[in-house]
Amino acid sequence: MSILDALYPYKRCPLCGRYAYKYGLCKNCLDEMEFVGDNICKICGKPLSDDYAQDLCPDCIGGRNFDGARSVLVYNERLHDSVYLFKYKGKVDLAEPFGEMMAEVLKAWNPPVDIITPIPLHRERLKERGYNQAYLLARVVSRLIGLPLEETIVRVKHTDAQAKLDKVRRFENMLGAFSVRGEGDIGCHNVLLIDDVFTTGATADAASCILKAGGAQRVYVLTLATGRNT
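Structural notes, computed from the coordinates.

### Some remarks on the overall build of the protein chain
- When you go through the protein chain residue by residue, the secondary structure sums to 8 helices and 6 strands.
- Moving toward the C terminus, one meets the helices and strands of the protein chain in the order α-α-β-α-α-β-α-α-β-α-β-β-α-β.

### Topic: the environment of Gly-201
- For Gly-201, the position within the fold is in the loop between β5 (190-198) and α8 (202-213).
- Since its relative accessible area comes to 5%, Gly-201 is described here as buried.
- The spacing of Gly-201 and Asp-59 is 142 residues in sequence and 8.6 Å in space, taken between C-alpha atoms.

### Some details on the packing of helix α4 (residues 95-109) against helix α6 (residues 133-145)
- The interhelical angle for the contact between α4 and α6, taken along N-to-C directions, is 50°, at an axis separation of 8 Å. In terms of their interaxial angle, α4 and α6 are classed as oblique. Relative to α6, α4 is oriented so that their crossing is right-handed. Here Ala-95, Glu-96, Phe-98, Gly-99, Glu-100, Met-102, Ala-103, Leu-106 and Lys-107 of α4 lie close against α6, whose contacting residues are Leu-136, Leu-137, Val-140, Val-141, Arg-143, Leu-144 and Ile-145.
- When grouped by side-chain class, the residues that make up the contact of α4 with α6 number 11 nonpolar, 1 polar and 4 charged.

### Focus on the packing of aromatic side chains
- Using the criterion set out here, one finds 5 aromatic pairs in the structure.
- Between Tyr-84 and Tyr-88 the ring centres are 5.2 Å apart and the planes differ by 50°, which places this aromatic pair in the tilted class. Of this pair, Tyr-84 and Tyr-88 both sit in helix α3 (residues 77-88), separated by 4 residues, roughly a single helical turn.
- Its guanidinium or amino end placed over the ring of Tyr-19, Arg-12 lies 4.1 Å from that ring's centre, counting from NZ or CZ.

### A closer look at the environment of Leu-48
- As for its placement among the helices and strands, Leu-48 is situated in the loop between α2 (27-31) and β1 (68-74).
- C-alpha separation for the pair Leu-48 and Arg-228, spaced 180 residues apart in sequence, amounts to 7.3 Å.
- When sequence neighbours within four positions are dropped, the list of residues in contact with Leu-48 reads Asn-39, Ile-40, Cys-41, Gln-54, Asp-55, Cys-57 and Asn-229.

What counts, and at which threshold
Residues numbered from 1 in each chain as written. Predicted model: local features only at pLDDT ≥ 70, side-chain atom pairs only at ≥ 80, totals over all residues. Heavy atoms only, no water. Helix = DSSP H or I, 4+ residues; strand = E, 2+ residues; numbered from the N terminus. Buried < 20%, exposed > 50% of the residue type's maximum accessible area, 1.4 Å probe, protein only. Axes fitted to C-alpha atoms, helices over the stretch in contact; angles between N-to-C directions. Parallel < 35°, antiparallel > 145°, perpendicular 65-115°, else oblique. Left-handed = near helix turned anticlockwise from the far one by under 90°. Contact = heavy atoms within 4.5 Å. Nonpolar A, V, L, I, M, F, W, Y, C, P; charged D, E, K, R; others polar. Phe/Tyr/Trp six-rings, centres within 6.5 Å; stacked < 30°, edge-to-face > 60°. Lys NZ or Arg CZ within 6 Å of the ring centre and 35° of its normal.

This is how it looks when you write it as structure tokens:
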């Protein structure tokens with residue numbers, strides 16, 4: 001540590017160690033991230049191409065179990081590396097900048113939610129990894145927004161990793177994956193469901209279905225990143 005660092009302890013970017021610029025990240029790392037724009041599917045929030053004529057993406061035309069979703073960033077190659085470090089390599093200090101970004105998007109979106117709940121990990125995977133990245137993000141969002149964080153659902157099925165599966169198998173993989181925690185009554189809340197990445201929405205759909213079966217009126221989804229509409 002230099003004398004200047006000791007006298008002026010500026011935040012350092014957790015990705016590269018440079019001085020932080022915004023959200024606790026440096027300008028170089030932020031410039032490599034692609035933020036989701038305004039032209040998005042009105043339900044799942046995925047970016048739509050400029051020549052796409054509808055306001056719903058193909059995956060949402062048939063309906064969803066959740067009532068709306070938004071994401072902060074487009075899941076490109078550079079972000080994949082950062083999410084991998086956060087999700088699998090113990091880089092938990094990324095929860096703070098990522099959660100801050102998510103809280104900012106939530107404020108602008110402003111869905112009528114009462115509580116925040118994270119997508120849970122199965123107990124075996126939680127034991128292997130040591131933490132749930134969705135819970136870490138939800139904790140930051142809860143603190144910054146001022147909404148209560150409640151772990152309302154549990155993962156009862158040890159599913160295969162979604163990233164290894166095609167679209168159809170992702171939805172099949174999530175069947176029966178979740179259950180309502182405790183006595184099975186969430187109450188008449190509007191729930192904000194938090195996860196790291198939205199790809200097909202299979203996880204969000206399965207969790208939202210269980211939340212509504214447990215009494216939730218509406219379910220909205222907020223994730224750090226989303227894939228492009230294809």
